[in-house]
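Commentary on secondary and tertiary structure
The primary structure of each chain is shown beneath.
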Amino acid sequence: MFIDNQHLNELEAESIYIIREVIADAKNPALLFSGGKDSVVLLALAVKAFQIPGRPLKLPFKLLHVDTGHNYPEVITFRDETVARLNADLVIGHVEDSIKKGTVVLRRETDSRNAAQAVTLLETIEEHGFDGLMGGARRDEEKARAKERIFSFRDEFGQWDPKAQRPELWNIYNTRLHPDESMRIFPISNWTELDIWQYMEREQLALPPIYFAHEREVVPRNGLLVPVTPLTPKRDDEQSEIRSVRFRTVGDISCTCPVASEAATTAQIIAETAGSTISERRATRLDDQVSEVAMEERKRAGYF
């Protein structure tokens, strides 16, 4: 398969420059790593940024994952294997702990915990004193992402105000912070979903198996294929079916759906992605169907 290496080389170089800029300026940086495809690429770029040939790898930041407790087990297994392979330091913030403290209140056990991650993330940032968090968000994902800066300023409450962002001219970033303020940094902002998969193919990066075609019990609902799980059971008036599916994005089980697909290899997914006209979040996320500004509202509350 032909891969446009020049295009990927330019994206790679830009991302590595941003990652090194974060480490140069942040006092206590961390990289958000869930085991999803974007965080896998971001971590691979960070390894390239700091790997010295002939020496053991020592990443100059910790990895951070906000665990909802409702994750797909294949993704958690992959996360832990990756952390062990890199000998990285992993900090895990548990939404369950926030629920026990009363800072997160859900109506039902099966309610989506995706939005609740914002509370747990802010609590974990405060506990560990992180001032620069690198994340794998991309501008092509969603409208709120599209208008966010690469260095996204957050106030002392961890909140994002799209009207209070700083200009970014000629790759010069203003990283100055007052006490308790922080930055969320998105080194792969300018990548697309297709770029991610092409980079995966070129670099031969591993992923959780649910990103590739497999058979799963699902229920068609509101234009999505909802997986049948204890957290997302089928309703009395619904008929489930076994379909060949794959996940374009992974998150909380309660709000992440697969898409119908026969693509079992990275090359096949590249071909499928090239012909897609719907963003991965629109095609797979129940939480983004709540309203047109669902993502922006979560980001204003502290979501990454």
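As shown above, the structure is provided for reference.
Okay, so let's go over this structure. (Residues numbered from 1 in each chain as written. Predicted model: local features only at pLDDT ≥ 70, side-chain atom pairs only at ≥ 80, totals over all residues. Heavy atoms only, no water.)

Topic: the sheet that holds strand β4 (residues 132-134)
Overall, mixed pairing links the six strands, which are arranged β3-β2-β1-β4-β6-β5 in an open sheet. Of all the strands in the sheet, the pair left with one neighbour each is β3 (90-94) and β5 (151-154). Along the sheet, successive strands turn relative to each other by an average axial angle of 30°, direction set aside. Pairing geometry for strand β1 (residues 29-32) and β4, over three bridges, is parallel. Paired with Pro29 across the strands is Gly132, a residue of β4. Packing against the sheet, helix α2 (residues 37-50) makes contact with β1, β2 (62-67) and β4, and its axis sits at approximately 140° to β1. (Pairing = 2+ DSSP bridges. Helix = DSSP H or I, 4+ residues; strand = E, 2+ residues; numbered from the N terminus. Axes fitted to C-alpha atoms, helices over the stretch in contact; angles between N-to-C directions. Contact = heavy atoms within 4.5 Å.)

Regarding empty space enclosed by the protein
Tallying each qualifying case throughout the model produces three cavities of 30 Å³ or more. Roughly 50 Å³ of internal volume is contained in the second largest cavity. Leu57, Lys58, Leu59, Phe61, Leu86, Asn87, Ala88 and Asp89 together form the lining of the second largest cavity. Per-class residue counts for the lining of the second largest cavity are five nonpolar, one polar and two charged. (1 Å grid on protein atoms, 1.4 Å probe; cavity = no way out; pocket = protein on both sides within 12 Å on 5 of 7 lines; lining within 4 Å. Points joined across faces, edges and corners; volume = space filled by probe spheres on them. Nonpolar A, V, L, I, M, F, W, Y, C, P; charged D, E, K, R; others polar.)

Regarding the side chain of Glu238
Assignment of secondary structure puts Glu238 in the loop between β8 (224-227) and β9 (241-246). Looking at Glu238, the relative accessible area reads 12%, which means it is buried. For Glu238, the side chain forms a polar contact with the side chain of Arg221, separated by 2.7 Å. One polar contact links the side chain of Glu238 to the main-chain amide nitrogen of Arg235, over a distance of 2.8 Å. Not counting chain neighbours up to four residues away, the residues in contact with Glu238 comprise Val219, Pro220 and Arg221. (Buried < 20%, exposed > 50% of the residue type's maximum accessible area, 1.4 Å probe, protein only. Polar contact = N/O pair within 3.5 Å; in protein donor to acceptor, adjacent residues only side chain to side chain.)

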